[in-house]
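The residues making up each chain are set out below.
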Amino acid sequence: MSESQIIIKDLKFYGFHGVYPEEQVVGTSYRADIIIDIDDGFEGFKTDRLEDTLNYEKIVETVLKIATRQKFRLIERLAQLMGESIVAFDHVLSADVTIYKSVTRLTPEPQWIGVRRKVRRLEQN
């Protein structure tokens, strides 16, 4: 297990995910929290050089493309694909993705529901 992590918290986006037709047409608000486990060879914590760290903007850009340009019936699938896209970056061991979805169908008051998925980099043989 890695002792180093990068955290992206409260990433907001609007998407068209869900099983109800209006969710696929009208859309809803989402938030994501992402915890990225970094391998021990990662130099960013040691050197203070930009080229030695992960490019956070690229990670955010990558997951937002998935979240805003595609439609999923299940946010579970969205979380999986976001995690897979993050572990493709160098030095990333795993990505713990939590997605919160704004819902109004369950009660008159808006609330959030969510899923959490940890995706690990596959071992290379």
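The shown structure was predicted, so the numbers you read here are calculated from the model rather than taken from an experiment. (Residues numbered from 1 in each chain as written. Predicted model: local features only at pLDDT ≥ 70, side-chain atom pairs only at ≥ 80, totals over all residues. Heavy atoms only, no water.)

Student: Residues and numbers for the sheet that holds strand β1 (residues 4–15), please.
Tutor: The strands making up a sheet associate through backbone hydrogen bonding, with each pair oriented either parallel or antiparallel. What the four strands build is an open sheet, ordered β1-β2-β3-β4; its pairing is antiparallel. Of all the strands in the sheet, the pair left with one neighbour each is β1 and β4 (111–120). In this sheet, neighbouring strand axes are inclined to one another by 15° on average, regardless of whether the strands run parallel or antiparallel. Across the sheet, helix α3 (residues 56–69) touches β1 and β2 (28–38), and the angle it forms with β1 is around 35°. (Pairing = 2+ DSSP bridges. Helix = DSSP H or I, 4+ residues; strand = E, 2+ residues; numbered from the N terminus. Axes fitted to C-alpha atoms, helices over the stretch in contact; angles between N-to-C directions. Contact = heavy atoms within 4.5 Å.)

Student: Could you give an account of α3, naming the residues involved and the relevant values?
Tutor: Taking 1.5 Å as the rise per residue, α3 with 14 residues should run 20 Å; its terminal C-alpha atoms sit 20 Å apart, in good agreement. Residues I59, V63, I66 and A67 constitute the buried set of α3. Down the axis of α3, the smallest arc covering the buried residues is 95°, so these residues share one side. Counted as exposed and oriented over 90 degrees from the buried face of α3: E57 and R69. One side-chain oxygen of the residue at the start of α3 lies 3.0 Å from the amide nitrogen of E57, identifying that residue as N55. (Expected span 1.5 Å × (residues − 1). Buried < 20%, exposed > 50% of the residue type's maximum accessible area, 1.4 Å probe, protein only. Arc of directions from axis to C-beta. Polar contact = N/O pair within 3.5 Å; in protein donor to acceptor, adjacent residues only side chain to side chain.)

Student: Lay out the environment of T68 in plain terms, naming residues and giving numbers.
Tutor: For T68, the location among the structural elements is in helix α3. Not counting the four nearest positions on each side in its chain, T68 is found in contact with F13 and Y14. Polar contacts involving the side chain of T68 include one to the main-chain carbonyl oxygen of L64, which spans 2.6 Å.

Student: Describe the pattern of salt bridges, listing the residues and the values that go with them.
Tutor: A complete count under the given rule lists 10 salt bridges for this structure. Ionic pairing is found between K65 and E61, a salt bridge with its closest N-O pair at 3.8 Å. Here the residue K65 and the residue E61 both occupy positions in helix α3, the gap between them amounting to four residues, near one helical turn. Overall, K65 belongs to the partly exposed group, its relative accessible area being 38%. The closest approach of N and O atoms between D96 and R116, which form a salt bridge, is 2.5 Å. Pair noted here: D96 is in strand β3 (residues 92–103) and R116 is in strand β4, with a separation of 20 residues, a long-range link. With a relative accessible area of 62%, R116 lands in the exposed category. A single salt-bridge network, built from bridges that share partners, covers D10, K12 and R31. (Salt bridge = Lys/Arg side-chain N within 4 Å of Asp/Glu carboxyl O.)

Student: Talk me through helix α4 (residues 75–87); I want residue IDs and the actual numbers.
Tutor: Given a rise of 1.5 Å per residue, 13 residues ought to cover 18 Å, and the 18 Å separating the end C-alpha atoms of α4 matches this to within 8%. Burial within α4 is extensive, with 10 of its 13 residues counted as buried. Buried within α4 we find I75, L78, A79, Q80, L81, M82, G83, S85, I86 and V87. Buried residues in α4 make contact with β1, β2, α3, β3 and β4.

Student: Pulling in residues and values, what's your account of the packing of aromatic side chains?
Tutor: The relation between two aromatic rings is expressed through the spacing of the ring centres and the mutual angle of the planes. Overall, the coordinates contain three aromatic pairs when judged by the stated rule. Measuring from centroid to centroid gives 5.3 Å for F13 and Y30, while their planes differ by 5°, and the two rings are stacked. Within this pair, whereas F13 is found in strand β1, its partner Y30 is found in strand β2, the two being separated by 17 residues in sequence. Looking at F13, the relative accessible area reads 9%, which means it is buried. For Y30, a relative accessible area of 1% corresponds to the buried category. Measuring from centroid to centroid gives 5.8 Å for Y14 and F16, while their planes differ by 75°, and the two rings are edge-to-face. What makes F16 partly exposed here is its relative accessible area of 25%. The ring of Y100 carries the charged tip of R31 above its face, separated from the ring centre by 4.8 Å. Looking at R31, its charged tip hangs above the ring of W112, at a distance of 4.4 Å from the centre. (Phe/Tyr/Trp six-rings, centres within 6.5 Å; stacked < 30°, edge-to-face > 60°. Lys NZ or Arg CZ within 6 Å of the ring centre and 35° of its normal.)

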